[in-house]
Amino acid sequence: MSDVALALGGASFDGLVKIEELAGQGMVTLRGDLTDKAIVKVVKDVFGVTLPGIRETVFAGSTGALWMSPDEALLLCSYDDAQAKADDLATKLADSHALVVNVSDARAVFQLKGSMMREVIAKLAPVDMSPDAFKPGMVRRTRMAQVAAAFWMDDASTARVVCFRSVAAYMFALLSTAADDASAVNHFTR
Amino acid sequence: MLVITCPYCGVAAEETELHGGGEAHLKRFGPDSSDDDFTGYLFHRENPKGVHFERWRHVNGCGKWFHAARCTNTLEVFGTYKAQTTEPPKDILDTIRAKRPGFKWRDIA
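Analysis parameters
Think of each chain on its own: its residues are numbered from 1, step by step along the sequence as written. Throughout, the order in which chains and ligands are written sets their labels, letters from A for the former and numbers from 1 for the latter. Where local features are concerned, this predicted model is filtered to residues with pLDDT of at least 70; where side-chain atom pairs are given and counted, the filter is 80 or more; whole-chain, interface and lining totals use all residues. Lines fitted to the C-alpha atoms define the axes, with helices restricted to the stretch that makes contact. Angles between their N-to-C directions range from 0 to 180 degrees. Think of it this way: any DSSP run of H or I at least four residues long counts as a helix, any run of E at least two long counts as a strand, and we number them from the N terminus. In these notes the angle categories are as follows: under 35 degrees is roughly parallel, over 145 is roughly antiparallel, 65 to 115 is roughly perpendicular, and the rest is oblique. When the near helix sits turned anticlockwise from the far one by under a right angle, the crossing is termed left-handed; a clockwise turn instead gives a right-handed crossing. By the criterion used throughout, residues are in contact when their C-beta atoms, derived from the backbone, lie within 7 Å. Amino acids outside the nonpolar list (Ala, Val, Leu, Ile, Met, Phe, Trp, Tyr, Cys, Pro) and the charged list (Asp, Glu, Lys, Arg) are all regarded as polar, and Gly is one of them. By definition, two strands form a pair when at least two bridges between them are found by DSSP. Think of a nonpolar core as buried Ala, Val, Leu, Ile, Met, Phe, Trp, Tyr and Cys residues, each tied to the set through C-beta atoms within 7 Å. Partly exposed residues are those whose C-beta has more than 12 but fewer than 20 other C-beta atoms within 10 Å; with 20 or more the residue is buried, with 12 or fewer it is exposed, and the C-beta atoms are placed from the backbone. Start and end points for every domain follow an automatic or database-based domain assignment.

### A short note on the packing of helix H3 (residues 117–124) of chain A against helix H4 (residues 168–178) of chain A
Residues and elements named next belong to chain A. At their nearest, the axes of H3 and H4 sit 9 Å apart, and the two run at 120 degrees to each other. With respect to H4, the axis of H3 lies oblique. Note that H3 runs across H4; the crossing there is right-handed. The residues of H4 that touch H3, namely those facing Val120, Lys123 and Leu124, are Leu174, Leu175 and Ala178. Its residues assigned to classes, the contact of H3 with H4 shows 5 nonpolar, no polar and 1 charged.

If you want it as structure tokens, here you go:
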């Protein structure tokens, strides 16, 4: 298989947090009624996860599902599996009112790792990032500075940020600036 | 700052995450309507100082359109409700009546 061309070639930055553009993330958008039993069952068959509740994430090993809106979920798997899984899902959902598309190449994914992760995100998004308000298992679709983004936490010090590939360079510059060593506010670690 | 809770995703979203969509509950007049009705539909908008019903879209979020009842004077939000309705729900009207006795908005009071 040909090499996957990342938007920024796997750029990374080390500051308040370690920022890395992730390779190999497959993403499949599913539109449809997320409470429809037929849709829930097919997603379970193909991706091995139950569809998440409102603003939640569900993971099962390398696959996962993120709640995007009452009728949209972002299904995660490895990049190499994404097209096959999307095709499989679309075939099995042929009789349901649903749409499936592989958006892996339309998005960029960044991982933020470090104890200051909450602060870096809080600088950019209008979201309450206090540990009581935002926890692993939640996903938030919002904006980061001027572009649409979604992020979720994998553990207490790791988050993943998804944005459109076309704004990947902007997002990386943004995250790097917010993670500049000289810019610590120490709001959450005080 | 205006903070409106999206009725679809439950996020208390601040203004920059939203986009205003103008007055709510407009009745559309199209072909075969009278000139007066069409003019009213197209141009005549409420511009109250006080209780107002508006459409908003959670544009940097779940992307859904919804309705909000708020006070344009104090930015107090009385409540939000889903888009699939042609008039404000009773519980929101009750809240407004309690907080702004005697309010009037078009033919709602």
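### Considerations on the interface of chain A and chain B
Contact with chain A, which involves 10 residues of that partner, is made by 11 residues of chain B. The set of elements that each furnish at least two residues to the side of chain A that touches chain B consists of strand S5 (63–69) and strand S9 (139–144) of chain A. Here the residues of the side of chain A that touches chain B are counted per class, giving 5 nonpolar, 2 polar and 3 charged.

### Considerations on the sheet that holds S5 of chain A
Sheets are built from strands that pair by backbone hydrogen bonding, the pairs being arranged parallel or antiparallel. Residue and element names in this part refer to chain A. With antiparallel pairing, the 5 strands of this open sheet are ordered in space as S4-S5-S6-S3-S7. Strand pairing shows two members of the sheet lacking a second neighbour, strand S4 (57–60) and strand S7 (99–102), which therefore form its edges. In this sheet, adjacent strand axes meet at a mean angle of 20 degrees when their direction is disregarded. Taken together, the 4 bridges between S4 and S5 define a ladder with antiparallel strand orientation. Bridge pairing in S5 places Val58 opposite Ala65.

### Let's talk about the nonpolar core
Residue and element names in this part refer to chain A. Judged by nonpolar contacts, the single largest core of 81 residues is most densely connected at Val43, Ala65, Ala73, Leu75, Val120, Met171 and Leu175. Here this core takes 6 residues from H4, the largest share from any one element. Counting residues domain by domain, this core receives three or more from each of domain 1 (15–22 + 106–179) and domain 2 (25–104). The contact partners of Val43, leaving out residues within four places of it in the chain, are Leu30, Val49, Leu51, Ala65 and Leu75.

### Here we look at the pairing of strand S11 (residues 158–164) of chain A
All names here are of chain A. Burial analysis of S11 places 5 of its 7 residues in the buried class, the great majority of the element. Sheet topology places strand S8 (residues 107–113) next to S11; 7 bridges connect them, and they run antiparallel. Within the sheet, the bridge partner assigned to Gln111 lies in S11 and is Arg160. In this structure, strand S10 (residues 147–155) lies alongside S11, joined through 6 bridges in antiparallel fashion.

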